[in-house]
Each structure stands twice: as structure tokens, then as C-alpha cells.
Amino acid sequence: MGGSDGRVVLRIDGARPLSAGTVQVVAAICDQVEDHGRPGVVELHVSGAPGAHWTRDLTAGLVTRWERAVRRLERLPMTTVAVASGDCGGTALDVLLVADLRVAAPGTRLLVPTDGTGTWPGMALYRLVQQAGPAAVRRAVLLGEPIGTDQAVALHLLDEIVDDPAGQVAAPAVASGLIAERELAIRRQLMFEAATTSFEDALGAHLAACDRALRQGSDGTSAAGRAAEAAGTAGAAS
């Protein structure tokens, strides 16, 4: 699950039916990362898509627990890098879509699985629409049409296609410099909220994040002075 170099590894096979064991593994990874307390990278290796009748043994309770576990992954205080290959559907697609950075092998396809009556209406559907727009993923969401590699890159659902994605997994995260645990989590949350929050409602949270960043700096400005400046800026902006 992890190593002394700050790397934590999770492998998800989307071809396997969702189970309580899968939920427990993801929860254990989240526990490990949340207790880690240091910068690092979480590698999410995903591949596989479910076959027919994959929902046969599912219950609403199990699906709820899974979606909550995936949400924890999405909000981890570490940079998450997905390494995708082959067809990715079901649990593999769920995990891929919550990663900060996504590296894939040539030929990778994203698949919204079907349950025999239609495409699965889980939160992967929601994230596809949120990240790429309804028109861009309409055929995938409604008809289960695969999203090929080139299309996924064009829609920014995948970031990079490389021949050996596993060998290059940490490079994008390290190069970004955004691996400070708490700061990454704050930026990610601000990004999530920006799409649905008005400027006036978002202003306070962004100014608070700016103030936090300044407090961690070494410019010699007093905390009280920075707070006063932030308050003045808020008043001017509103």
C-alpha cells in the first residue's frame, strides 16, 4: 500500500464486481494517507471494465458506501495520479475521474457501464458531465459509447498518453510542486466550488486561503496586518 518514499499505491480492477472488500481497501488507503502527515503521491492504477450482470449482487447500501469512499479519495491531502490502461469502467472509471493528474497508455478507453437496462447512473456520470460538459459526453452517458484516448485527452479527462505510464507516474506531480498536503486540499476544494458558487459567496473562502498562504510566508508582515488587509480587500471587492 505504501513506501518510505511517500508513495501510496492503490490498484483497482474495474472488471471485478464492486464488493465490500473493495470499499474496505479504498477506506484503508484513505486512512493511511490522512494519517501520513507528509507530502507524497498517491498512485491510482486503474484498468478493466465490468461485464454483463455486474450489478446482480449490488445493494443500495454498498453503492452508497462506495461513493463515500471515492469521495474521500477525491479529497485526500496528497496529490493523486491515476495510471490508466485498457478499458476503464465501473470502479476503475470512478477512481480515474477523481484523480488530480491522469496518465494513460495508448488505447485506453473510458466506458460508462450498463446494468442491462441503461447506463449506470452513478457519480461517474455526474463527474463526466461536470468535467467535460453534457454535450461532449452525451453519447457515452446515454448510450454507453466508449470515449477513446484522443477524445478523452481533448476533453481533458486524460492529461497525457505515454507508452509506459507506470514508469512516469510521479513526474507530473513532482513537477507541479503542489504536493503540500493541506494546501493541495484547499486548492482542490476551491476549484470544485468555483463552478457552482457565486463570486460574492466564494470571496470569503478565497481570501481566507490567501491569508493562510501569507501566514506561512516569511515576508515579515504581522498576522494582524494581513488580516486587516484581507478585510479591506473584501470590502473593496464587494
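Each remark here, short or long, concerns the structure printed above.
A brief structural summary. (Residues numbered from 1 in each chain as written. Predicted model: local features only at pLDDT ≥ 70, side-chain atom pairs only at ≥ 80, totals over all residues. Heavy atoms only, no water.)

With respect to the pattern of salt bridges
We count it as follows: Salt bridge, as used here: a side-chain nitrogen of Lys or Arg that lies within 4 Å of a carboxyl oxygen of Asp or Glu. Helix and strand assignments come from DSSP, with helices taken as H or I runs of at least 4 residues and strands as E runs of at least 2, each series counted from the N terminus. Think of it in three bands: with a 1.4 Å probe and only protein chains considered, a residue is buried below 20% of the maximum accessible area for its type, exposed above 50%, and partly exposed in between.
Scanning all chains against the criterion turns up seven salt bridges. With a shortest N-O distance of 2.6 Å, Arg72 and Glu34 are connected by a salt bridge. Here Arg72 is found in helix 2 (residues 60-74), whereas its partner Glu34 is found in helix 1 (residues 20-36), with 38 residues between them in sequence. The partner of Glu74 in a salt bridge is Arg71, and the shortest N-O contact between them spans 2.8 Å. Of this pair, Glu74 and Arg71 are both found in helix 2, three residues apart, which corresponds to roughly one turn of the helix. Residue class for Glu74 comes out buried when judged on its relative accessible area of 7%. When its relative accessible area of 31% is taken as the criterion, Arg71 is described as partly exposed. Overlapping salt bridges, with partners in common, bring together Asp31, Glu34 and Arg72 in one network.

Things to note about empty space enclosed by the protein
The test is simple: Buried and open spaces are told apart on a 1 Å grid over the protein atoms alone, a cavity being a set of points where a 1.4 Å probe fits but cannot get out and a pocket being an open set with protein on both sides within 12 Å along at least five of seven lines. Residues with an atom within 4 Å of a point are the lining residues. Grid points are joined across faces, edges and corners, and a volume is the space filled by probe spheres set on the points. Under the convention adopted here, Pro, Cys and the residues Ala, Val, Leu, Ile, Met, Phe, Trp and Tyr are nonpolar, Asp, Glu, Lys and Arg are charged, and Gly plus all remaining residues are polar.
This structure, assessed with the given rule, holds one cavity of 30 Å³ or more. One number sums up the size of the largest cavity: a volume of about 120 Å³. Lining of the largest cavity is provided by 15 residues; of these, Trp54, Gly90, Thr91, Asp94 and Trp120 occupy positions nearest its centre. Elements with a minimum of two residues in the lining of the largest cavity: helix 2, helix 3 (91-96) and helix 4 (123-132). Counted by class, the lining of the largest cavity contains eleven nonpolar, two polar and two charged residues.

Some thoughts on the packing of helix 1 against helix 2
Selection rule: Lines fitted to C-alpha atoms define the axes here, with helix axes fitted over just the stretch in contact, and angles between the N-to-C directions of these axes take values from 0 to 180 degrees. Every angle not falling under 35 degrees, over 145, or within 65 to 115 is termed oblique; those three ranges are roughly parallel, roughly antiparallel and roughly perpendicular. Two helices cross in a left-handed way if the nearer one is turned anticlockwise from the farther one by less than a right angle. They cross in a right-handed way if the turn is clockwise. Throughout, a residue-residue contact means that at least one pair of heavy atoms, one from each residue, lies within 4.5 Å.
In the contact formed by helix 1 and helix 2, the axes pass within 9 Å of each other and the chain directions differ by 25 degrees. Classified by the angle their axes make, helix 1 and helix 2 are roughly parallel. In this structure, the crossing between helix 1 and helix 2 has a hand that is left-handed. Mapping the contact onto sequence places Ala20, Thr22, Val23, Val26, Ala27, Cys30, Asp31 and Glu34 in helix 1 and Leu62, Arg65, Trp66, Ala69, Arg72 and Leu73 in helix 2. Here the contact of helix 1 with helix 2 is composed, by residue class, of nine nonpolar, one polar and four charged.

Coordinates in, geometry out; function isn't part of it.
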